[in-house]
Amino acid sequence: MAQFEQLHSSVPGIASVIERMRAFSSAWAPVGGAEDGVAVFNRIYLTVTETVRQQIDDGAFPDRRAAETLDVRFAERYLSALDASTAGERTPDCWHPLFRYRHHPGVRPLQFALSGINAHIGHDLPLAVVDTCRTLGCAPPDLEEEFDRVGDLLLMLEERVREDLMPGPDLLELADPLTHLFGSWSLERAREAAWSAALVLWRLREVPLLAEEFRRRLDAGAGLVGRFLLTPCR
């Protein structure tokens, strides 16, 4: 089945998504003293997903069902790729670099985090918008407010990465290649591009071949960027 197709016909709750992420976290252990690169991304994404659930429970989203559906559909794209990798099956190109180099000793935690974020937003997010529209029987403009609110929470990814994984303020560390790497990739710009891609995919939904071709281009582009982000720095 083409990657453009909706993943599932029913929507589990955010709690089940969080449970799966926690299960993966507990199963991964450092290899040779180095942390698993997928575990780095999973830990950060889990924190954000838990925050989204709390925000929804607190009534921060006017349309709770739309917000939860979008969040779950988004997470499902990552979890589906992770399941495929675990089973030795083909994964989307955007996730391939992270899964392939997850134990590379020359790649640092910040790079793993950025590669995962790039894959998830550059490819998975626009497809999740379409998945959500199909599930709820609406169009992307109907989800724009929820998309923006979830996007604002996704900026926590960037803040979390900056706090946990960036080099410190020491003068010598200011010249660290990771400082420049972090500044060369923008989550905000990636989010804007994801929304534009979702609108295009929605317009192409009646032409499946073109929709799948566009998705493959998104996938390949995100995969290329993800591979560059994982260039060993040591």
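Residues numbered from 1 in each chain as written. Predicted model: local features only at pLDDT ≥ 70, side-chain atom pairs only at ≥ 80, totals over all residues. Heavy atoms only, no water.

S.K.: Help me get a handle on the overall build of the protein, residues and values and all.
M.R.: In terms of helices and strands, the protein carries nine helices and zero strands. Counting helices and strands in the order they occur from the N terminus, the protein gives α-α-α-α-α-α-α-α-α. The burial tally for the protein puts 49% of its 234 residues in the buried class. Once local pairs closer than 6 in sequence are excluded, the contacts in the protein between residues at least 24 apart make up 80%. Split by element, the accessible area of the protein, about 11100 Å² in all, is 53% carbon and sulfur. (Helix = DSSP H or I, 4+ residues; strand = E, 2+ residues; numbered from the N terminus. Buried < 20%, exposed > 50% of the residue type's maximum accessible area, 1.4 Å probe, protein only. Contact = heavy atoms within 4.5 Å. Areas by Shrake-Rupley, 256 points an atom, 1.4 Å probe, with all protein chains shown as cover.)

S.K.: Outline the packing of aromatic side chains, listing residues and values.
M.R.: Counting across every chain of the model gives eight aromatic pairs. With 5.1 Å between their ring centres and 75 degrees between their planes, Phe41 and Tyr78 make a pair best called edge-to-face. Of this pair, Phe41 sits in helix H2 (residues 37–57) while Tyr78 sits in helix H3 (residues 64–86); the two residues are 37 residues apart in sequence, bridging distant segments of the chain. You'll find Phe41 and Tyr78 in the same group, each marked buried. Summarising the aromatic geometry, the rings of Phe147 and Trp195 are spaced 4.7 Å apart at their centres and angled 50 degrees between planes, so their arrangement reads as tilted. With Phe147 in helix H6 (residues 144–165) and Trp195 in helix H8 (residues 187–203), this pair connects stretches of sequence that are 48 residues apart. Exposure remark for Phe147: the relative accessible area of 4% places this residue in the buried category. Here the aromatic residues Phe41, Tyr45, Phe74, Tyr78, Trp95 and Phe99 are joined through ring pairs into a cluster of three or more. The positively charged end of Arg205 is found above the aromatic ring belonging to Trp202, 4.1 Å away from the centroid. (Phe/Tyr/Trp six-rings, centres within 6.5 Å; stacked < 30°, edge-to-face > 60°. Lys NZ or Arg CZ within 6 Å of the ring centre and 35° of its normal.)

S.K.: Got a sec to walk through the pattern of salt bridges? Specific residues and values, please.
M.R.: Within the structure shown, the criterion is met by 17 salt bridges. Residues Asp152 and Arg191 are paired through a salt bridge, measuring 3.2 Å at the closest nitrogen-oxygen approach. Taken as a pair, Asp152 in helix H6 and Arg191 in helix H8 lie far apart in primary sequence, 39 residues in all. A salt bridge links Arg205 to Glu206; the nearest nitrogen and oxygen atoms lie 3.8 Å apart. Classification of Glu206 as exposed rests on a relative accessible area of 61%. Counted as one network, the salt bridges with shared partners bring together Asp152, Glu188 and Arg191. (Salt bridge = Lys/Arg side-chain N within 4 Å of Asp/Glu carboxyl O.)

S.K.: Can you explain the nonpolar core? Please cite residues and give values.
M.R.: Ranked by internal contacts, the top residues of the largest apolar core, which has 66 residues, are Met21, Tyr78, Trp95, Ile121 and Val129. Those elements that place two or more of their residues in this core are helix H1 (14–27), H2, H3, helix H4 (96–100), helix H5 (109–136), H6, H8 and helix H9 (208–229). If you tally residues by element for this core, the top one is H5, at 13 residues. Not counting residues up to four positions away in its chain, the partners in contact with Met21 are Asn42, Tyr45, Leu46, Thr49, Ala75, Tyr78 and Leu79. (Core = buried A, V, L, I, M, F, W, Y, C linked by side-chain atoms within 4.5 Å.)

S.K.: Explain the side chain of Thr69 residue by residue, including any values.
M.R.: Position of Thr69 among the secondary structure elements: in helix H3. Owing to a relative accessible area of 5%, Thr69 belongs among the buried residues under this scheme. Here the side chain of Thr69 touches Arg65 through a polar contact of 2.7 Å, landing on its backbone oxygen. (Polar contact = N/O pair within 3.5 Å; in protein donor to acceptor, adjacent residues only side chain to side chain.)

S.K.: Give a detailed account of the confidence of the model for the protein, specifying residues and quantitative values.
M.R.: The share of residues in the protein with pLDDT of 70 or more is 82%, and the mean pLDDT across the chain is 86. Taking the mean pLDDT of every element in the protein, the minimum, 62, falls on helix H7 (residues 177–184) and the maximum, 97, on H4. Per-residue pLDDT stays below 50 along residues 6–11; that stretch engages in 18 contacts with residues further than four places along the chain or on separate chains. (pLDDT = per-residue confidence, 0-100.)

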